[in-house]
Amino acid sequence: MNKNKLFRNLFIILVYIFLFLPIIILILYSFNDSKMNIIFTHFTLRWYQELIHNQELLNAFSNTLIIAITSTAISTVIGTISAVGLFKYKFPGKNLINGLIYIPIVIPEIVLGISLLSVYTLSKLELGIGTILLSHIAFSIPYVITSVRSTLNPMTSQIEEAAYDLGASKLKTFWYVTLPMIFPGVVSGAALAFTLSLDDVVISYFTAGPGSNTLPLKIYSMIKTGITPDVNALSSIILLITIVVLTVATIYQTKTIQKREMAK
Amino acid sequence: MLEVKNLKKSFGDKKVLKGIDLTINRGDIIGIIGPSGCGKSTFLRCLNLLEKPDSGEVILEGDNLVDNKDLERIRRKIGMVFQQFNLFENMTVLDNITLAPTLLKVMKKGKAEKEADKLLDKVDLKDKKNNYPEELSGGQKQRVAIARSLMMKPEIMLFDEPTSALDPEMIGEVTNLMRQLAKEGMTMVIVSHEINFIKNFCTRVVFMSDGVIQEEGTSEDIFMNPKNSKLKNFLSKINNI
Ligand SMILES: Nc1ncnc2c1ncn2[C@@H]1O[C@H](COP(=O)(O)OP(=O)(O)OP(=O)(O)O)[C@@H](O)[C@H]1O
Ligand SMILES: [Mg+2]
């Protein structure tokens, strides 16, 4: 019995170390005075200062953010509308389309990257931020559709009928009744799209033009020349932002749940 | 006030309604009975165009609802109460009731809330105003749904098995509310399997089977002196339970 407990705790601790040790090391080394990520010499904020002057890295970071935010916004709108349309309407070939949606999710990224590249070359689109953005929108849409679809069920349509009966138009019903119901799916779809875009390397690699650079591409190319500690600093900042956003989201969620509990 | 003329509706090649004619006068309380799957719900849903008829007319106070551009405005005059309540789950009871009138600019927010208070008092749910539907019992949910319909001041109310999803001890609170509405002169069309409720409550009863109205008449005609053989058969089955 006690032995079991011991093993269980040990196991949990090991899993956590496995998950978090790399992240902790990264944060530690962002404050390390040595240029090498091997031994910790002194505490310093030097890399954070250097980061502010590393125009290339900051440019790549702002490109990444712009692409992630724009592609998330566009793919969430298109994906949500598609999911609702696919759920509601009957049309020939519906099952086929429903099945095809999974293909971009399951095929290897590298294949998707190559096919997107050939489309852009064939249609003589100039490679750059624009094509990266298009590609990110394309691979995000299926994720949004799948996420939103999971919140749609026969009850959703029945509740919409109540709104129609009260005299609401289709548009008003969608905006005030359907959207609030499926909102959790929309949010998780958007979050998925955002994270996928933020750290995408493979597809961006194929569809980026000369001179256009995203942060993951930049870091990837630095592997050859050696990663400088200011990348650690930047990563730590991104991590901090992520943690803050997550905390705010969690607090918001528990608050709304508490509010509901209070109403009882 | 509501006239249905030669209403037909099929799903694929399955003919569900094969030509229904019915005239409903102000103050009528019409009960629709019939075997399961005979098209009662479909008929009711055609009355407010939730289901689009293949042919025929649905005329409410002179306006034909079929292919009417003004359908949304006319629908406000028809209140529908569903078996599964269909409340807006992510809104409080008060928001459920005030959403439609404020959104459709029938009332200002303040007026709508006052009106909602009155109605919640009427359906005896004043203390549940700020609760969410998931915190209510079935009977309470259905009373909220009725209050939500009443907010739009409907001329006629359609009930599709309003008590079928309720525990037996809650049926009374909903039927009592319906009785109260009837006293106030509301015109109602009710589909229900609660045969005794239909028998005692409705001024006219319609028996549907095989996509047509087989017989219609007063409650007495239908239950005491049935003429149609299918109706006789239907009633004998019910009485055997
Ligand atoms: N959207 C639909 N698509 C296809 N068939 C349908 C649809 N709605 C109803 N039907 C069919 O039409 C017939 C009539 O259905 P309806 O729901 O009107 O019957 P009902 O009399 O209300 O039955 P119940 O007493 O069980 O509620 C049934 O055979 C049903 O399967
Ligand atoms: Mg039915």
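Predicted model only: the values in this text are computed from it and were never measured.

(A) Layout of the pairing of strand β3 (residues 29–33) of chain B. All names here are of chain B. Burial analysis of β3 places five of its five residues in the buried class, the great majority of the element. Alternating positions in β3 separate into two faces, I29, G31 and I33 on one and I30 and I32 on the other, with burial throughout. Sheet topology places β3 next to strand β8 (residues 187–191); four bridges connect them, and they run parallel. Pairing of G31 across the sheet is with I190, part of β8.

(B) Layout of the site of ligand 1. Residues and elements named next belong to chain B. Around ligand 1 sit F11, K14, V16, S36, G37, C38, G39, K40, S41, T42, E161 and H193, and that is every residue in its neighbourhood. Take S36: an N or O atom from its side chain is 2.6 Å from an oxygen atom of ligand 1. A distance of 2.8 Å is found between an oxygen atom of ligand 1 and a backbone nitrogen or oxygen belonging to G37. Starting from 640 Å² of accessible surface for ligand 1 in isolation, the protein chains cover 62%. Elements supplying a minimum of two residues to the shell around ligand 1: β2 (14–24) and α1 (40–47). Among the elements that take part in the shell around ligand 1, α1 stands out by supplying three residues, more than any other. Looking at the shell around ligand 1, its residues break down into three nonpolar, six polar and three charged.

(C) The sheet that holds strand β7 (residues 156–160) of chain B, seen in detail. All names here are of chain B. Strand order in this open sheet of six strands is β6-β7-β8-β3-β9-β10, and the pairing throughout is mixed. If you trace the sheet from one side to the other, it starts and ends with β6 (78–81) and β10 (212–217), each paired once. In this sheet, adjacent strand axes meet at a mean angle of 20° when their direction is disregarded. Two elements, β7 and β8, share five bridges in a ladder whose sense is parallel. Bridging across to β8, M157 finds its partner in M188. In the packing of helix α9 (residues 229–239) onto the sheet, contacts are made with β3, β9 (204–209) and β10, and the angle to β9 comes to roughly 100°.

(D) Region of interest: empty space enclosed by the protein. Under the criterion given, the structure shown has two cavities of 30 Å³ or more. Computed from the structure, the largest cavity encloses a volume of approximately 80 Å³. Lining of the largest cavity is provided by A163, L166, A168, K172, T173, Y176 and V177 of chain A together with F88, L99, A100, L103 and L104 of chain B. Of all the elements in the fold, those that place two or more residues in the lining of the largest cavity are α9 (170–198) of chain A together with α3 (93–103) of chain B. In terms of residues, the lining of the largest cavity owes the most to one element, α9 of chain A, which gives four residues. Along the lines of polarity and charge, the residues of the lining of the largest cavity split into ten nonpolar, one polar and one charged.

Thresholds, definitions, all that
Residues numbered from 1 in each chain as written. Chains lettered and ligands numbered in written order. Predicted model: local features only at pLDDT ≥ 70, side-chain atom pairs only at ≥ 80, totals over all residues. Heavy atoms only, no water. Buried < 20%, exposed > 50% of the residue type's maximum accessible area, 1.4 Å probe, protein only. Helix = DSSP H or I, 4+ residues; strand = E, 2+ residues; numbered from the N terminus. Pairing = 2+ DSSP bridges. Near = heavy atom within 4 Å. Polar contact = N/O pair within 3.5 Å; in protein donor to acceptor, adjacent residues only side chain to side chain. Areas by Shrake-Rupley, 256 points an atom, 1.4 Å probe, with all protein chains shown as cover. Nonpolar A, V, L, I, M, F, W, Y, C, P; charged D, E, K, R; others polar. Axes fitted to C-alpha atoms, helices over the stretch in contact; angles between N-to-C directions. Contact = heavy atoms within 4.5 Å. 1 Å grid on protein atoms, 1.4 Å probe; cavity = no way out; pocket = protein on both sides within 12 Å on 5 of 7 lines; lining within 4 Å. Points joined across faces, edges and corners; volume = space filled by probe spheres on them.

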